[in-house]
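Read off the chains here:
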Amino acid sequence: MSHMQSRSIYKVPQGKLLKITLDYDETKNVITNIRITGDFFVYPEEALEHLEKKLKNICLERKELQEQISSVISKYHIEFIGLNAESLAQGIMMCVS
Amino acid sequence: MSEQWRLLQTGYANAFANMAIDKAILVAHSNEKVPPTVRFYGWAPPAISIGYFQSLVEEIDINACHRLGVDYVRRITGGGAVFHEKELTYSIVIAESHPTIPKNILKSYARVCGAVMKGLQQLGISSEYAPINDIVTDGRKISGNAQTRKLKTVLQHGTVLMDVDVDTMFSLLKVPNEKIKDKLIADVKQRVTSIRHCLGKEVSFKQVAGAMKGGFEEEFHVDLIEGVLTDEERNLAKQFENESFSTKEWNQRR
């Protein structure tokens, strides 16, 4: 196990400022913990915490991340304003690039 | 006859009480205990509110807040950090199912902002809605707004800037990159304005409240009838203030 922590700040195009703190296992290339903060809007608000939980153990590959984010969005009927699945995946990938 | 909504003028209160009262009205309205409600209020002492999803320690210089006697609180609404000092803050609480409120969230922002814009117009200031959640005049921000939907109820609150002190604001907020702080402050000074700046004179809180009352009545075709918080709302607000808004657990949860 090789724990790493990294952060990113990403201005979502036509959206808000997304800040991510990412803990990950570099060897396995998976997320161990993630905190998503910023000045965006999420409806319902509590859903963001579900999303953070559902991203644990997900592989740090853009396609897989985007699929997992989209699936959580549809499962919890999440509406983002100033943020979207693509930008979230982008912010996460910026932590490891 | 026009529909009658309640108007609450709760005056100045601290940050924790202010956020607790908005939430108490939301809960009371969701239980059908009170009519749709518009509230006007101010902040004493001055305070910073942060959006629900923001990190307190990343956004706010807590030591500077203590030094300058500025409170800080996490909102139940998303959006950004706001320094509340010389402003009127409004809130509106209304059922999601009310026909006057668009189901689409962005459209409902625009609708409520329409009331603020009509209020500004009564003061002689023309403005426009700038999605996602701002109102601008001559391209400069004069109002910021944030909405949540809980318990099938819409709560939107927002600021109407009466005056603005960008330097003090930046002494309280952290910026991602200290090296460009001076440039950032200069940019924000260009991008933000206030009623005082637009009109070249001071306008009292009472005058702004009067104009906003007219704005909400005109936008929503209602009569705002001045009322007070119910006992139940006051108890709920006390409870929310003590159990969440004034606590470290709530304010530092991110």
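Conventions used here
Residues numbered from 1 in each chain as written. Chains lettered and ligands numbered in written order. Predicted model: local features only at pLDDT ≥ 70, side-chain atom pairs only at ≥ 80, totals over all residues. Helix = DSSP H or I, 4+ residues; strand = E, 2+ residues; numbered from the N terminus. Rg over C-alpha atoms; globule rule 2.2 N^0.38 Å. Buried ≥ 20, exposed ≤ 12 C-beta atoms within 10 Å, placed from the backbone. Contact = placed C-beta atoms within 7 Å. Nonpolar A, V, L, I, M, F, W, Y, C, P; charged D, E, K, R; others polar. Pairing = 2+ DSSP bridges. Axes fitted to C-alpha atoms, helices over the stretch in contact; angles between N-to-C directions. Expected span 1.5 Å × (residues − 1). Arc of directions from axis to C-beta. Parallel < 35°, antiparallel > 145°, perpendicular 65-115°, else oblique. Left-handed = near helix turned anticlockwise from the far one by under 90°. Core = buried A, V, L, I, M, F, W, Y, C linked by C-beta atoms within 7 Å. pLDDT = per-residue confidence, 0-100.

Caption draft 1: Spotlight on the overall build of chain A. In terms of regular secondary structure, chain A is built from three helices and five strands. The linear arrangement of helices and strands in chain A, starting from the amino end, is β-β-β-β-α-α-β-α. Taking 13 Å as the expected radius of gyration for a compact globule of 97 residues, we find that chain A reaches 12 Å, a close match to that expectation. Across its three principal axes, chain A shows a C-alpha extent of roughly 35 × 25 × 20 Å. When the 97 residues of chain A are sorted by exposure, 35% land in the buried category. The long-range share in chain A, meaning contacts at least 24 apart out of those at least 6 apart in sequence, stands at 52%.

Caption draft 2: Expanded view of the interface of chain A and chain B. Every contact between the two is made by 15 residues of chain A and, on the other side, 16 residues of chain B. Those elements that provide at least two residues to the side of chain A that touches chain B are β3 (30–38), β4 (41–43) and β5 (79–81) of chain A. A class-by-class count of the residues in the side of chain A that touches chain B yields seven nonpolar, three polar and five charged.

Caption draft 3: Summary view of the environment of Gln68 of chain A. Residues and elements named next belong to chain A. Relative to the helices and strands, Gln68 resides in helix α2 (residues 62–75). Take Gln68: there are 19 C-beta atoms within 10 Å of it, and that puts it in the partly exposed class. Sequence spacing of Gln68 and Asn84 is 16 residues, and the spatial spacing of their C-alpha atoms is 13 Å. Setting aside residues up to four positions removed in sequence, Gln68 forms contacts with Lys54, Leu55 and Ile58.

Caption draft 4: Quick peek at the sheet that holds β3 of chain A. Residues and elements named next belong to chain A. Judged by pairing direction, the sheet is antiparallel, and its three strands sit side by side in the order β1-β2-β3 without closing on themselves. Each edge of the open sheet carries a strand with a single partner, namely β1 (3–11) and β3. In this sheet, adjacent strand axes meet at a mean angle of 15° when their direction is disregarded. Where β1 lies against strand β2 (residues 17–25), nine bridges are found, and the strand directions are antiparallel. When the sheet's bridge partners are listed, Ser8 is paired in β2 with Ile20. Packing against the sheet, helix α3 (residues 85–96) makes contact with β1 and β2, and its axis sits at approximately 135° to β1.

Caption draft 5: Structural context of helix α9 (residues 231–245) of chain B. Residues and elements named next belong to chain B. Its 15 residues place the ends of α9 20 Å apart at the C-alpha level, agreeing with the 21 Å of an ideal helix rising 1.5 Å per residue. Within α9, burial applies to Glu233, Leu236, Ala237, Phe240, Glu241 and Phe245. Buried residues along α9 cover an arc of 135° about the axis, so they all sit on one side. Projecting away from the buried face of α9 at angles above 90 degrees are the exposed residues Asp231, Asn235, Asn242 and Glu243. Buried-residue contacts for α9 involve α1 (15–30), β4 (71–74) and α10 (248–251).

Caption draft 6: Structural context of the packing of α1 of chain B against α9 of chain B. Residues and elements named next belong to chain B. Between α1 and α9, the least distance of the axes is 8 Å, while the angle of their chain directions is 130°. By the angle class used here, α1 and α9 are oblique. Read as a crossing pair, α1 and α9 show a hand that is right-handed. Contact residues: Phe16, Ala17, Met19, Ala20, Ile21, Lys23, Ala24, Ile25, Val27 and Ala28 in α1; Glu232, Glu233, Leu236, Ala237, Phe240, Glu241 and Phe245 in α9. When its residues are assigned to classes, the contact of α1 with α9 shows 13 nonpolar, no polar and four charged.

Caption draft 7: Local environment of the pairing of strand β8 (residues 134–137) of chain B. All names here are of chain B. Bridge count for strand β7 (residues 128–130) against β8 is three bridges, and the pairing is antiparallel. Bridge pairing in β8 links Glu128 to Val136. The pairing of β8 with strand β9 (residues 140–150) spans four bridges and is antiparallel. Along β9, the bridge assignment pairs Val136 with Lys141.

Caption draft 8: Highlighting the nonpolar core. Core analysis: the biggest nonpolar cluster contains 69 residues, and Ala20, Ala24, Ile48, Val116 and Met212 of chain B have the highest contact counts within it. The biggest single contributor to this core is α1 of chain B, with eleven residues. Discounting residues that sit within four places of it in the chain, Ala24 of chain B has contacts with Glu233, Leu236, Ala237 and Phe240 of chain B. Ranked by size, the runner-up nonpolar core spans 29 residues in total, among them Leu18, Ile36, Val42 and Ile78 of chain A.

Caption draft 9: Broad picture of the packing of helix α1 (residues 47–54) of chain A against α2 of chain A. Residues and elements named next belong to chain A. At their nearest, the axes of α1 and α2 sit 10 Å apart, and the two run at 145° to each other. Considering only the axes of α1 and α2, their crossing is right-handed. Only Gln68, Ile69 and Val72 of α2 make contact with α1, whose side of the interface consists of His50, Leu51 and Lys54. Its residues placed into classes, the contact of α1 with α2 shows three nonpolar, two polar and one charged.

Caption draft 10: Fine view of the confidence of the model for chain B. For chain B, mean pLDDT is 97; residues scoring 70 or higher make up 100% of the total. Interface confidence in the predicted complex, given as ipTM, is 0.95; pTM for the same model is 0.96.

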